[in-house]
Amino acid sequence: MSVHPAVQALLQIMPADHGVDEQLNWPAVEETLGVRLPSDYKSFMATYGGGSIGEDGMSILLPLPVEYPQWDPDSIGGYTPTLRYIWEDAGGVPGVSLGSDAVLAWGIHTNANDLGWLMSGPDPDTWPVVAFRRHGDPYWAMFDCGMVDFIRRLMTAEFDECPLSDLSLWGRPSPFVHWREQQRRWLQGLDPMTGEPDPIIQDFLSRPSP
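Let me sum up the structure you'll find in this document. Only a predicted model underlies this, so the values are computations on that prediction, with no experimental measurement involved.

**What about helix H5 (residues 147–155)?**
Right, so step 1: For H5, the buried fraction is high: 7 of the 9 residues fall into the buried class.
Right, so step 2: Taken residue by residue, H5 has Met147, Val148, Phe150, Ile151, Arg152, Leu154 and Met155 as its buried positions.
Right, so step 3: Remark: alanine 157 follows H5 within two positions and exhibits a positive phi of approximately 55°.

Rendered as structure tokens:
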């Protein structure tokens, strides 16, 4: 698979040094999910894989659940029911009549933001990004761009204003770390994102098992 132009642009500000190709069987993945996925997301999975961006942690979801050594990295299939519940509970994007079944999750931010696509048509490459901001007004907003462009434009501050209710990535290109590397670091007593020794993690790991 060739690198998607949006991923090529993202690589200029967020190197894939700690990325891993997930080597996914996309026809099988999409059959399991029951939906086709955008080509920029597939290219992201082949270049970076699932993982987190920045120390405050925007997590890019894997498509399906996987086996993991320490904690569940979460997935589109696993988190979408939660995002659909939030869509119903908070009313969705103002002026958008599509129901919660049109929402598909792709990202989670630790600071009260959830991200997904609005499946507004048959071509997944045309789906806009929707974001739930727990401190936003309104709670939901829609952005006419793909997932990868959204990430890049967030970190280069190319929107008129920050699209999320958290400023940790706004105008701040940040490193990406694959989920397996994060868990490997944690198990070695290191901060999952920086790779630096973390006394709190080390203390936790040194405690005897109950």
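Moving on from the coordinates now.
**With respect to the sheet that holds strand S3 (residues 103–109)**
Right, so step 1: Within the open sheet, the 7 strands sit side by side as S6-S5-S4-S3-S2-S1-S7. Their pairing is antiparallel. With one partner strand each, in any of the chains shown, strand S6 (140–143) and strand S7 (176–178) form the two edges of the open sheet. If you compare each strand with its neighbour and ignore which way they point, the axes differ by 30° on average.
Right, so step 2: Inspection of the sheet shows strand S1 (residues 51–53) paired to strand S2 (residues 58–60) by 3 bridges, in the antiparallel sense. Bridge pairing links isoleucine 53 to methionine 58 in S2.
Right, so step 3: Sitting on the sheet, H5 touches S1, S2, S3, strand S4 (113–118), strand S5 (129–133) and S6, and the angle it makes with S2 is about 160°.

**Re the pairing of S4**
Right, so step 1: When you tally the buried positions in S4, you get 6 out of 6 residues, the bulk of the element.
Right, so step 2: Relative to S4, S3 is paired through 6 bridges, and the arrangement is antiparallel. Within the sheet, the bridge partner assigned to isoleucine 108 lies in S4 and is aspartate 114.
Right, so step 3: Linkage of S3 to S4, two consecutive antiparallel strands, is achieved through a turn of 3 residues, within which alanine 112 is found at a positive phi near 70°.
Right, so step 4: Bridge count for S4 against S5 is 5 bridges, and the pairing is antiparallel. Among the inter-strand pairings, aspartate 114 is bridged to a residue of S5, identified as phenylalanine 132.

**Digging into the environment of glycine 54**
Right, so step 1: Position of glycine 54 relative to the elements: it lies in the loop between S1 and S2.
Right, so step 2: Assessed through its relative accessible area of 5%, glycine 54 is described here as buried.
Right, so step 3: The spacing of glycine 54 and isoleucine 13 is 41 residues in sequence and 12 Å in space, taken between C-alpha atoms.

Parameters at a glance
- Residues numbered from 1 in each chain as written.
- Predicted model: local features only at pLDDT ≥ 70, side-chain atom pairs only at ≥ 80, totals over all residues.
- Heavy atoms only, no water.
- Buried < 20%, exposed > 50% of the residue type's maximum accessible area, 1.4 Å probe, protein only.
- Helix = DSSP H or I, 4+ residues; strand = E, 2+ residues; numbered from the N terminus.
- Pairing = 2+ DSSP bridges.
- Axes fitted to C-alpha atoms, helices over the stretch in contact; angles between N-to-C directions.
- Contact = heavy atoms within 4.5 Å.

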